[in-house]
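Residues per chain, in single letters:
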Amino acid sequence: MFITFEGGEGSGKSTAIKRIVKALEDMGHEVILTREPGGTPIGEQIRNVILDKANTAMDPRTEALLYAASRRQHLVEKIIPAIKEGKIVLCDRYLDSSLAYQGGARNLGIEEIYNVNLYATEGMQPDVTILFDIEPEEGLRRIAANAGREVNRLDVEKISFHHKVRESFKKVASMFPERFAVIDASKSPDEVFNDAFEAIKKAMK
Ligand code: TYD
């Protein structure tokens, strides 16, 4: 079983994932939690190129291809072997992040980025994808509250970007209704966990 988690900033995704790992383990499952580049040396090297602040000349398509390349390596080296060993693989962000961020918010086109990722993953889609959906203002407010700082001018300037990410995720969810569960992440942490876990249990039946 292959489960992925998606959403914008401040959605409470990480908190819910930790509880899901524990709940699945308590049910007796063997679980691995991973995220790209997943500690694979090649994936890490690719990721360093994406994140290097010196790479100001990075073209958006180059970035999209690098995300897909890092994903490929992580899939082959880590995800597929774990699934073959009978483990439940939980992955914090996978191809839908590229569809929403690069395809939608960065305007490269969801279809185009999907095609690139289809090649990278050979069509390996998750069995279930939990989308933590939240109003970007609320997500950023939570991040600011955590870091003990006010939302600054930069956060406010980028709010339109976060709105585009949110709308793109919703669009992607409507493209793949059979595997997506959209969770209202503005609810309490307990409710968000319960809704997400119910969706996973339903998919496991
Ligand atoms: P990070 O702080 O590691 O993750 P999170 O927001 O899940 O706590 O940041 C990951 C960032 O990378 C996030 O802003 C989304 C972005 N991203 C893409 O733009 N495309 C992708 O394919 C992936 C996997 C992530």
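In this report, we go over the structure that sits alongside the text.

Calculation rules
Per-chain numbering applies: the sequence of each chain, read as written, is numbered from 1 onward. Restriction of local features to residues with pLDDT of at least 70 applies here, the model being predicted, together with a cutoff of 80 or more for giving and counting side-chain atom pairs; totals for whole chains, interfaces and linings are based on all residues. Side-chain measures here rest on the full set of heavy atoms in the structure, leaving out hydrogens and waters. It suffices for a single heavy atom of a residue to lie within 4 Å of a molecule or strand for the residue to be listed as near it. Under the rule applied, a polar contact is a pair of N or O atoms within 3.5 Å (in protein, one hydrogen donor and one hydrogen acceptor; residues adjacent in sequence only if both atoms are side-chain atoms). Reported accessibility uses the Shrake-Rupley method at a 1.4 Å probe radius. Residues are deemed covered only where the shown protein chains occlude them. Strands are runs of DSSP state E lasting at least 2 residues, helices are runs of H or I lasting at least 4, and numbering of each runs from the N terminus. By the convention adopted, Pro, Cys, Tyr, Trp, Phe, Met, Ile, Leu, Val and Ala count as nonpolar, Lys, Arg, Asp and Glu as charged, and the other residues, Gly among them, as polar. When DSSP finds at least two bridges between two strands, those strands are taken to pair. Axis definition: a line fitted to C-alpha atoms, over the contacting stretch in the case of helices. Angles run 0 to 180 degrees between N-to-C directions. Two residues qualify as a contact provided that any one of their heavy atoms is within 4.5 Å of a heavy atom in the partner residue.

### Points about the site of the ligand
In step 1: Every residue lining the ligand is accounted for by Glu9, Lys13, Arg35, Glu36, Arg47, Tyr67, Arg71, Arg93, Ser97, Ser98, Tyr101 and Gln102.
In step 2: In this structure, an oxygen atom belonging to the ligand sits 2.8 Å away from a side-chain N or O atom of arginine 93.
In step 3: Between the ligand and serine 98, the relevant distance is 2.6 Å, taken from an oxygen atom to a side-chain nitrogen or oxygen of the residue.
In step 4: The protein chains hide 72% of the 550 Å² of surface that the ligand would expose on its own.
In step 5: Breaking the shell around the ligand down by element, the ones donating at least two residues are α3 (60-84) and α4 (95-105).
In step 6: If one sorts the elements of the shell around the ligand by residue count, α4 sits on top with four residues.
In step 7: In the shell around the ligand, the residues fall into two nonpolar, three polar and seven charged.

### What about the sheet that holds strand β3 (residues 88-92)?
In step 1: On the basis of which strands lie adjacent, the open sheet formed by five strands has the order β2-β3-β1-β4-β5 and parallel pairing. Either end of the sheet is taken by a strand with one partner, and the two such strands are β2 (31-34) and β5 (180-184). Geometrically, the sheet is characterised by an average inter-axis angle of 20 degrees between neighbouring strands, direction not taken into account.
In step 2: Across five bridges, strand β4 (residues 128-133) lies against β5 in parallel orientation. What sits directly across from threonine 129, in β5, is phenylalanine 180.
In step 3: Where helix α1 (residues 13-26) meets the sheet, it contacts β1 (2-7), β2, β3 and β4, and its direction lies at approximately 175 degrees from that of β3.
In step 4: Running over the sheet, α3 touches β1, β2 and β3 and is turned about 145 degrees from β3.

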